[in-house]
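Here are the chains, one letter per residue:
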Amino acid sequence: MNTPGKKVLFIVNKYAGTGYQPAVEGRIIDACEQADAECTIEFTRAAGHAVELAEQAPQQGFDFVVAVGGDGTINEVARGALKANIPMGLIPRGSGNGLSRHLGIPLGVADAAKALFQSTIVPMDAFTVNGKLSLNVSGIGFDGHIANLFGGTSKRGLAGYAKLTMQEFFAFREFEAEITIGAQKSTVKAFIIAIANSSQYGNNARIAPRASVTDGLLHVNTMKKVPVYRVDFIYNMFAGDVGRTSFCEVQEAASLVIRTSKPVAYHVDGEPSGHNTEFKIDVLPGAIQILAPVVGKRVNKR
Ligand SMILES: Nc1ncnc2c1ncn2[C@@H]1O[C@H](COP(=O)(O)OP(=O)(O)OP(=O)(O)O)[C@@H](O)[C@H]1O
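As the structure is a prediction and not an experimental result, all values here were calculated from the model. (Residues numbered from 1 in each chain as written. Predicted model: local features only at pLDDT ≥ 70, side-chain atom pairs only at ≥ 80, totals over all residues. Heavy atoms only, no water.)

What follows concerns the environment of Y20. Along the chain, the position of Y20 falls in the loop between β1 (7–12) and α1 (23–35). There is a polar contact of 3.1 Å between the side chain of Y20 and the side chain of E25. (Helix = DSSP H or I, 4+ residues; strand = E, 2+ residues; numbered from the N terminus. Polar contact = N/O pair within 3.5 Å; in protein donor to acceptor, adjacent residues only side chain to side chain.)

Quick look at the structure:
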């Protein structure tokens, strides 16, 4: 990408991940100087502020916006960037960094900022769940339940997440759902129904190892409750072999409707979204202009 003279707005969520390090600003400025780009850094003042900043960016003369945070911040910047039709980049600063890992964006700030200026703009798919924009992975069931609980605690990070997951695992029951894809209806009992645009939740937990963000399709993974003695399932997930286990059934779809008999918790890109009995899911092919460093490798890989 030709960057000299480009005006770039970095939208930074100081509260993402395990906390803010002031060195982040210096690393971003250094990368901009090396690329001869003009840099502005704005810190989000509250949840939702990143949407506004990204949406107003073209009027302020910016050529592209960069989300500096976790999947929640990326989601907010994408909502604004989609409305404003402006390309967006990512500097991963979250706890899981699912989308950044899928795209092959380096996890260190200095390397990610440098990679930004060596990227190409790729039309990346996104999708909506009941009208809410999702870029990475959304889910109905146990992961939604955990997101709802986790969102209400002050403890963040992988350790806090793992502790809460273990505490809640035994009590949470499978739920019945009807999945409609085109003319096909299926009734399933599920612990989680994950809807994946990218391959992973974060931390390389690959729920949809074969997913691509540029194929116009979502991977719908219906997961059973895995007995505790089958800890090998966790190994399979991190090894990218989840589709081979008997606990998962993966379908591909561009749009679908999921109905449940009782209200079930859900999340959108990890953000708690309450409960519902009907989930209307539609892919938005190529909707987000994303700055991705490795086209032809991870972005298009299936
Ligand atoms: N200034 C702010 N004060 C409070 N909350 C904020 C502020 N700016 C952004 N947020 C909110 O912080 C939340 C968490 O952000 P984000 O998802 O980026 O980090 P994370 O949860 O640590 O990362 P990950 O999603 O990778 O686990 C988002 O819901 C966002 O709306």
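Okay, back to it.
Moving on, we come to the pairing of strand β3 (residues 64–69). Counted residue by residue, β3 has six buried out of six residues, so it is predominantly covered. Side chains of β3 alternate between two faces, with F64, V66 and V68 and V65, A67 and G69 buried alike. As paired elements, β1 and β3 share five bridges and run parallel to each other. Opposite I11, over in β3, you have A67 as the bridge partner. Remark: the β3/helix α3 (residues 71–84)/strand β4 (residues 88–92) crossover connection has right-handed handedness. (Buried < 20%, exposed > 50% of the residue type's maximum accessible area, 1.4 Å probe, protein only. Pairing = 2+ DSSP bridges. Right-handed = clockwise from strand over helix to strand, strands pointing away.)

Further remarks concern the domain arrangement of the protein chain. Annotation of the protein chain at the domain level lists domain 1 (7–118) and domain 2 (132–285). If you average the C-alpha positions of domain 1 and of domain 2, the two centres end up 26 Å apart. Listed by partner, the interface residues are 17 residues for domain 1 and 19 residues for domain 2. Summed over both sides, the interface of domain 1 with domain 2 buries roughly 1,300 Å², with 60% coming from carbon and sulfur. Interface area lost by domain 1 to domain 2 is led by N75, R101 and H102, which between them contribute 36%. Taken together, the connections running from domain 1 to domain 2 amount to zero salt bridges. Put simply, domain 1 and domain 2 have three residue pairs in polar contact (both at pLDDT 80 or more) between them. Of the residues contributing to the side of domain 1 that touches domain 2, the split by class is six nonpolar, eight polar and three charged. (Domains from an automatic or database assignment. Contact = heavy atoms within 4.5 Å. Buried area = accessible area lost by both parts, 1.4 Å probe. Salt bridge = Lys/Arg side-chain N within 4 Å of Asp/Glu carboxyl O. Nonpolar A, V, L, I, M, F, W, Y, C, P; charged D, E, K, R; others polar.)

Turning next to the packing of aromatic side chains. For the structure shown, the criterion picks out nine aromatic pairs. Judged by centre distance (5.7 Å) and plane angle (85 degrees), the rings of Y20 and F43 are edge-to-face. Taken together, the residues span a long stretch of sequence, with Y20 in the loop between β1 and α1 and F43 in strand β2 (residues 38–43) at a distance of 23 residues. Looking at F43, the relative accessible area reads 25%, which means it is partly exposed. Measuring from centroid to centroid gives 6.1 Å for F142 and F169, while their planes differ by 90 degrees, and the two rings are edge-to-face. Here F142 is found in helix α6 (residues 142–151), whereas its partner F169 is found in helix α7 (residues 157–169), with 27 residues between them in sequence. The two residues F142 and F169 agree in class, both being buried. Within the aromatic cluster, the residues linked to one another by ring pairs are F142, F169, F170, F172 and F191. A cation over an aromatic ring shows up here: K14 above the ring of F43, its NZ or CZ 4.7 Å from the ring centre. (Phe/Tyr/Trp six-rings, centres within 6.5 Å; stacked < 30°, edge-to-face > 60°. Lys NZ or Arg CZ within 6 Å of the ring centre and 35° of its normal.)

Think of an α-helix as turning once every 3.6 residues; residues three or four places apart then point the same way. The complete set of buried residues in helix α2 (residues 49–56) reads H49, A50, V51, L53 and A54. Among the structural elements, β1, β2, β3 and α3 are those in contact with the buried residues of α2.

The next subject is α1. The terminal C-alpha atoms of α1 lie 19 Å apart, and with 13 residues this matches the ideal 18 Å at 1.5 Å per residue to within 8%. Within the sequence span of α1, burial applies to V24, I28, A31, C32 and A35. Here the buried residues of α1 occupy an arc of 100 degrees about the axis, which is enough to place them on one side. What points out from α1, more than 90 degrees from its buried face, is the exposed set E33 and Q34. (Expected span 1.5 Å × (residues − 1). Arc of directions from axis to C-beta.)

Right, let's get into the nonpolar core. Membership of the largest hydrophobic core comes to 48 residues, with the highest contact counts inside it found for F10, V65, M88 and F117. In this structure, F10 is in contact with I28, C32, C39, T40, I41, E42, V66, V68, I91, L116 and F117, ignoring residues within four places of it in sequence. (Core = buried A, V, L, I, M, F, W, Y, C linked by side-chain atoms within 4.5 Å.)

As for its position among the elements, S273 is in strand β14 (residues 271–292). For S273, a relative accessible area of 15% gives the class buried. In contact with S273, other than residues within four places in its own chain, are K132, N148, Y266, H267 and V268.

Two numbers describe a pair of packed helices, the interaxial angle and the distance between the axes. Here α1 crosses helix α5 (residues 109–116) at 30 degrees, and the two axes come no closer than 9 Å. The angle between the axes of α1 and α5 places the two elements in the roughly parallel class. Pair α1 / α5 crosses with right-handed handedness. Contacts between α1 and α5 involve V24, R27, I28 and A31 on the former and, on the latter, V109, A110, A113 and K114. Looking at the contact of α1 with α5, its residues break down into six nonpolar, no polar and two charged. (Axes fitted to C-alpha atoms, helices over the stretch in contact; angles between N-to-C directions. Parallel < 35°, antiparallel > 145°, perpendicular 65-115°, else oblique. Left-handed = near helix turned anticlockwise from the far one by under 90°.)

Structurally, D71 is set in helix α3. An unpaired buried charge is present at D71: no salt bridge exists, and R101, the closest side chain of opposite charge, is 8.5 Å distant. Excluding its chain neighbours within four sequence positions, the residues that come into contact with D71 are N97, G98, L99, N136, Y201 and D269. (Lys, Arg positive; Asp, Glu negative; His and termini not counted.)

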